[in-house]
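Summary of the model geometry
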Amino acid sequence: MLPEALYKWRMDMINIAVDGPAGAGKSTIAKMVAKDLDYIYVDTGAMFRAIGLYMIRKGVDLSDEQGISLAVEEADVDLRYIDGVQCVFLNGSNVNDMIRTDEVSDAASKVAVVPAVRSKMLKLQRNIASGNNVIMDGRDIGSKVLPDADLKIYLTASVEERARRRYKENIEKGLKCDLETIKAEIKERDHRDMTRQEAPLVRVDDARLVDSSDMTIEEAVRTIEDMIDEVVGSRQ
Ligand code: DC
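Residues numbered from 1 in each chain as written. Predicted model: local features only at pLDDT ≥ 70, side-chain atom pairs only at ≥ 80, totals over all residues. Heavy atoms only, no water.

1. Observations regarding the environment of Val42
The following threshold applies: Runs of H or I in DSSP of at least four residues are treated as helices and runs of E of at least two as strands, each being numbered from the N terminus. For every residue, the accessible area obtained with a 1.4 Å probe (protein chains only) is divided by the maximum for its type, and the residue is called buried under 20%, exposed over 50%, and partly exposed between those limits. In this analysis, two residues are considered to be in contact whenever any of their non-hydrogen atoms come within 4.5 Å of each other.
Relative to the helices and strands, Val42 is located in strand E2 (residues 40–43). Take Val42: its relative accessible area is 0%, and that puts it in the buried class. Considering only alpha carbons, one finds Val42 and Ala17, 25 residues apart in sequence, at a separation of 9.7 Å. Excluding residues that lie within four positions of it along the chain, Val42 makes contacts with Met47, Leu79, Tyr81, Gln86, Ile128, Val134, Ile135, Met136 and Asp137.

2. As for the sheet that holds strand E8 (residues 208–211)
This is how the line gets drawn: Any two strands are treated as partners once DSSP identifies two or more bridges connecting them. Axis definition: a line fitted to C-alpha atoms, over the contacting stretch in the case of helices. Angles run 0 to 180 degrees between N-to-C directions.
Across the sheet, which stays open at both edges, the 5 strands sit in the order E2-E6-E1-E7-E8 with parallel pairing between neighbours. Two strands bound the open sheet, and with one partner strand each, they are E2 and E8. For this sheet, the mean angle separating the axes of adjacent strands, direction not counted, is 20°. Of the strand pairs in this sheet, strand E1 (residues 15–19) and strand E6 (residues 134–138) are connected by 5 bridges, and their pairing is parallel. Bridge pairing in E6 places Val18 opposite Asp137.

3. What about the side chain of Asp43?
Secondary-structure assignment places Asp43 in strand E2. On the basis of relative accessible area, Asp43 is assigned to the buried category, the value being 8%. When near neighbours in sequence (up to four residues on either side) are disregarded, Asp43 contacts Gln86, Arg100 and Asp137.

4. What about the site of the ligand?
Going by this rule: If even one non-hydrogen atom of a residue comes within 4 Å of a molecule or strand, that residue is called near it. Nitrogen and oxygen atoms within 3.5 Å of one another constitute a polar contact, given that in protein one can donate a hydrogen and the other can accept it, and given that sequence-neighbouring residues count only through two side-chain atoms. For accessible areas, the Shrake-Rupley method is used with a probe of radius 1.4 Å. Any residue's cover is judged against the shown protein chains and nothing else. In the scheme used here, Gly and all other residues not listed as nonpolar or charged are polar, with Ala, Val, Leu, Ile, Met, Phe, Trp, Tyr, Cys and Pro taken as nonpolar and Asp, Glu, Lys and Arg as charged.
Looking at the ligand, there are 16 residues lining it, with Thr44, Arg49, Arg118, Arg139 and Arg196 nearest. Between the ligand and Asp193, the relevant distance is 3.3 Å, taken from an oxygen atom to a side-chain nitrogen or oxygen of the residue. Within the contact set of the ligand, an oxygen atom lies 2.8 Å away from a side-chain nitrogen or oxygen of Arg196. A total of 450 Å² of accessible area belongs to the ligand in isolation, and the protein chains cover 96% of it. For the shell around the ligand, the secondary structure elements donating two or more residues are helix H3 (44–58), helix H5 (102–111) and helix H9 (179–195). Among the elements that take part in the shell around the ligand, H3 stands out by supplying 4 residues, more than any other. For the shell around the ligand, the residue count by class is 4 nonpolar, 4 polar and 8 charged.

Any link to function would need more than the numbers given here.
Following this line, the structure appears as C-alpha cells:
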C-alpha cells in the first residue's frame, strides 16, 4: 500500500497509454502530443531495444530464454531526458543512436517474449508513470503496464501503409531496400508480438481505436489531443 499522501499525489498524474503494431506512427505521434501538452513521452520499445542490444553485444543466443533471463539481471536500463529528448541509457551509456537498426529491432522483439525481461521493464515503466504525466507507447501498456490509464489508445495502420512508410524512410536515409521484404518483416513482427504468451499486443476493450492509414501525422496528433482534452476535462 502506498502512503496516503503519495497515493493522492500519484492520482493527480495523467497517464495515457498508446499501443499498436510496429510502424503505425506511435512514437512520432506520441512524441508530438507529449511536447504540445508538456507530458513526458515514454517509448517503451526503446527499453526492449536496449535489452536486445545488450544481448547482441554479450553474444547471448536470442532463442535461449534461460540465458536471456540470466543476462538481463546485469542489464541496467534507464531513461533520462536531455533537452526534452528521451535518451536510453544501458549500463550508464547513452545508446540512443545504436538501437534503431533492423538487427536490434529483431533482437528486441525476441527478448520481449522473455518473462524476466518483461517484469524488469514493467517495474521501470510503472515507476515513471507514477510520478509524471506521461504518454507511454508500447504493446501492453493498456493491458498490463497501466491498466488504470486515464485514456487508452490503440493506434494502427494497414500493413501496406506501414511498409510504404518504412520503405520511404529507408530510401530517404539512402538505405537499399525492397518493399515486399519490408512488408514480410512487418507481418512477421506483428505475428510474433500478437501471438506471444507474455503480454501480447491486443486492443483492450476500453481502448479507443485510431487508424492512421489515411491520416497525416498532424491529423492523428489532433485526434489524440482531442481525446485527451475530453478525459482530462472530465477529471476536473
Ligand atoms: O515499438 P518498437 O518497434 O520500438 O518495439 C521494439 C520491440 O519491443 C517490438 O517488437 C515489441 C517489443 N515491445 C514490447 O514487447 N512491449 C512494449 N511495451 C514495447 C515494445
